[in-house]
Amino acid sequence: LGPNGLTKLGFFEVILPEEGTEEYENYILVSTLIGECSRCKSEELFAIYSTIKRRSGNEDVVDTVLKPKQYSTWNGYNRLTNKDDKLEFLINRISVDKEKGFDEVLGLVKQFRNKSPLKYNHYVNPTIVELETSNRSIAKSYRDNKESSKQIGKHLFWWDKKHK
């Protein structure tokens, strides 16, 4: 049995907070952080959180992370078109995340909310993307903004002034 089967059997029952609440937003943020870097330390998670906050500006952070092509961990969610399928995806995902330290990261997210985000709006794992030669937009952004980059854990973070 995989994690979806266990969820359906009730072993990892997840009740999502009401959409539009701060707790719902926290759940989405936690799941994003776990999906982007499940084994990262607090400093690296805060840097990823900072990219979310900076990218969202005045927009809702849930809309920001769930926007296609923003955070690859949500690609599967974004391929779904049916609202019920999306809800099931979220419940199953958070159920799996519970096994990966969801509650611990939830505590961190609540702490992060009281801090000013770092000045990063992009990041990449340089072992996954060839930054110097790739034509991918993330690599081009990095090359144009190298001077603002900083390695935190296994990721490189930077500020891209062109990002809207």
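Residues numbered from 1 in each chain as written. Predicted model: local features only at pLDDT ≥ 70, side-chain atom pairs only at ≥ 80, totals over all residues. Heavy atoms only, no water.

So, about the layout of surface pockets. As a volume, the largest pocket reaches approximately 650 Å³. What lines the largest pocket is a set of 22 residues, and nearest its centre among them are Gln70, Ser72, Tyr123, Arg136 and Ile138. Within the residue set of the lining of the largest pocket, elements represented by two or more residues are helix H2 (22-36), strand S1 (122-124) and helix H8 (137-144). Classifying every residue of the lining of the largest pocket by side-chain character gives 6 nonpolar, 11 polar and 5 charged. Estimated volume of the second largest pocket: approximately 270 Å³. (1 Å grid on protein atoms, 1.4 Å probe; cavity = no way out; pocket = protein on both sides within 12 Å on 5 of 7 lines; lining within 4 Å. Points joined across faces, edges and corners; volume = space filled by probe spheres on them. Helix = DSSP H or I, 4+ residues; strand = E, 2+ residues; numbered from the N terminus. Nonpolar A, V, L, I, M, F, W, Y, C, P; charged D, E, K, R; others polar.)

Another aspect to go through is the nonpolar core. Soluble, globular proteins show a tendency: their nonpolar side chains are buried together. The biggest cluster of nonpolar side chains holds 36 residues, and the ones touching the most others in it are Leu33 and Trp74. When contributions to this core are tallied by element, the ones reaching two or more residues are H2, helix H3 (42-56), helix H4 (61-66), helix H6 (83-98) and helix H7 (102-112). For this core, the element with the highest residue contribution is H2, accounting for 7 residues. Ranked by size, the runner-up nonpolar core spans 8 residues in total, among them Ala139, Tyr142, Leu156 and Trp158. (Core = buried A, V, L, I, M, F, W, Y, C linked by side-chain atoms within 4.5 Å. Buried < 20%, exposed > 50% of the residue type's maximum accessible area, 1.4 Å probe, protein only.)

Purely geometric numbers; function is a separate question.
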